[in-house]
Amino acid sequence: MGREREAQKPQQQVSYTVEQLVAVNPYNPDILPDLENYVNEQVSSQTYSLDANLCLLRLYQFEPERMNTQIVARILIKALMAMPAPDFSLCLFLIPERVQMEEQFKTLIVLSHYLETGRFRHFWDEAAKHRHIVEAVPGFEQAIQAYAIHVLSLTYQKVPRPVLAEVINIKGLSLDKFLEHQVTNCGWILEGDQGSGQLIVLPRNEFNHPELKKNAADSIPLEHITRIFPILG
């Protein structure tokens with residue numbers, strides 16, 4: 001859970017978690033330092049709290065002179081890592097346009113666009129040019145790889161090895177180890193020997209095997225499907 005902040009009350013001392021501070025008094029600028037520290041804790045502990053981060057961005061709107069752009073960038077990177085959830089757009093809406101025009105934020109907006117449109121090769125190329133931005137948050141690469149696999153699983157039953165390698169940005173021996181892990185822990189199946197002709201059989205689900213769908217009302221909304229194409233761009 002979140003870090004605790006101590007507050008004095010008459011004749012007693014009470015501890016509050018960051019989540020409680022947000023719930024009880026979300027528009028109190030006094031909690032701004034706590035929320036900034038909490039962003040850094042989310043980075044170091046690889047945890048995530050969208051509500052706390054949105055609260056901080058709203059406070060920055062009321063206290064623009066106190067805005068810490070490094071903290072804002074970390075919030076946006078954590079939001080990218082939460083895809084396919086729409087967290088990045090929710091956060092960006094609360095960031096002033098003048099701030100969005102700074103170079104690091106323009107980069108993150110471009111990366112978000114590539115992910116939303118499934119252009120993973122472009123994403124990895126762009127991310128490689130700006131490692132100093134994205135590598136500030138541990139787990140970023142793994143989170144995006146998980147999202148890329150999620151997108152593939154919505155569309156394909158079998159994926160050629162070169163396609164997978166490009167989408168998750170892993171090749172060679174590293175890809176062999178990754179596939180071994182997925183076969184052991186995630187139910188993947190490999191068809192054919194190692195090489196460009198190898199096929200990866202993804203686990204069956206109601207999206208890549210529509211006959212498994214139990215209820216049409218549970219189908220994925222059309223707008224969520226249309227935004228993931230083209231996968232390779």
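Throughout, a residue's number is its position along its own chain's written sequence, starting from 1. Reporting of local features is limited, given that this is a predicted model, to residues whose pLDDT is at least 70; pairs of side-chain atoms are given and counted only at 80 or more, and all residues count toward the totals for whole chains, interfaces and linings. The side-chain numbers reported here are obtained from all heavy atoms of the structure, hydrogens and water having been left aside.

A. Spatial organisation of the pattern of salt bridges. Any carboxyl oxygen of Asp or Glu that lies within 4 Å of a side-chain nitrogen of Lys or Arg is treated as forming a salt bridge with it. All chains considered together, the criterion is met by 5 salt bridges. In this structure, E191 engages K158 in a salt bridge whose closest nitrogen and oxygen atoms are separated by 3.2 Å. Of this pair, E191 sits in strand β4 (residues 189–191) while K158 sits in strand β3 (residues 158–160), and the two are 33 residues apart along the sequence. What makes K158 partly exposed here is its relative accessible area of 40%. Strands are runs of DSSP state E lasting at least two residues, helices are runs of H or I lasting at least four, and both sets are numbered from the N terminus onward. Three labels apply to residues, based on accessible area from a 1.4 Å probe with only protein chains included: buried if under 20% of the type maximum, exposed if over 50%, partly exposed otherwise in between.

B. Geometry of unusual backbone geometry. For the bond running from M83 to P84, omega is 20 degrees, close enough to zero to count as cis. In this fold, P84 is placed in the loop between α4 (69–81) and α5 (87–92). The phi dihedral of Q46 falls on the positive side, at around 55 degrees, and the residue is not glycine. The backbone of N169 shows a phi angle near 60 degrees, a positive value even though the residue is not glycine. Tracing the backbone shows N169 in the loop between α11 (161–168) and α12 (172–186).

C. Main features of the layout of surface pockets. Roughly 180 Å³ of volume is contained in the largest pocket. Whether a set of points on the 1 Å grid over the protein atoms alone is a cavity depends on a 1.4 Å probe fitting there but being unable to get out, while an open set qualifies as a pocket with protein on both sides within 12 Å along at least five of seven lines; lining residues are those with an atom within 4 Å of a point. Looking at the largest pocket, it is lined by 13 residues, and the ones nearest its centre are R131, V134, E135, F140 and E141. Elements represented by at least two residues in the lining of the largest pocket include exactly α8 (120–129), α9 (131–134) and α10 (140–155). If you tally residues by element for the lining of the largest pocket, the top one is α8, at 4 residues. Gly falls in the polar group here, along with every residue not listed as nonpolar (Ala, Val, Leu, Ile, Met, Phe, Trp, Tyr, Cys, Pro) or charged (Asp, Glu, Lys, Arg). Of the residues assigned to the lining of the largest pocket, the class counts are 8 nonpolar, 2 polar and 3 charged. Grid points are joined across faces, edges and corners, and a volume is the space filled by probe spheres set on the points.

D. Broad picture of the packing of helix α7 (residues 103–116) against α8. Their axes nearest at 8 Å, the elements α7 and α8 cross at an angle of 160 degrees. In terms of their interaxial angle, α7 and α8 are classed as roughly antiparallel. As for how α7 packs across α8, the hand of that crossing is left-handed. Across the interface between the two elements, V110, L111, Y114 and L115 of α7 pack against F120, H122, F123, E126 and A127 of α8. Axis angles are defined between N-to-C directions and span 0 to 180 degrees, where every axis is a line fitted to C-alpha atoms and, for a helix, only to the segment in contact. If an angle is under 35 degrees, it is roughly parallel; if it is over 145, roughly antiparallel; if it lies from 65 to 115, roughly perpendicular; otherwise it is oblique. Two helices that cross are described as forming a left-handed crossing if the nearer one is turned anticlockwise from the farther one by less than a right angle, and a right-handed crossing if clockwise. Contact between two residues is taken to exist if any of their heavy atoms lie within 4.5 Å; hydrogens are not considered.

E. Main features of the sheet that holds strand β5 (residues 199–201). Taken in spatial order, the 3 strands make up an open sheet running β3-β5-β4, and their pairing is antiparallel. The open sheet is flanked by β3 and β4, the only strands paired with a single partner. The mean inter-strand angle of the sheet, taken between neighbouring strand axes irrespective of direction, is 25 degrees. Examined bridge by bridge, β3 and β5 share 3 bridges and lie antiparallel to one another. Directly across from K158, in β5, lies its bridge partner V201. Running at roughly 80 degrees to β3, α11 makes contact with β3 and β5 of the sheet. Between any two strands, at least two bridges found by DSSP are needed for them to pair.

F. Structural view of the packing of aromatic side chains. Note on aromatic contacts: the rings of Phe and Tyr and the six-membered ring of Trp form a pair at centre separations within 6.5 Å, being stacked when their planes are under 30 degrees apart, edge-to-face when over 60 apart, and tilted otherwise. All chains considered together, the criterion is met by 5 aromatic pairs. Centre to centre, the rings of F178 and W188 are 6.0 Å apart; their planes meet at 75 degrees, and the pair counts as edge-to-face. You can see F178 sitting in helix α12 and its partner W188 sitting in the loop between α12 and β4, a full 10 residues away along the chain. Neither F178 nor W188 differs from the other in exposure class; each is buried.

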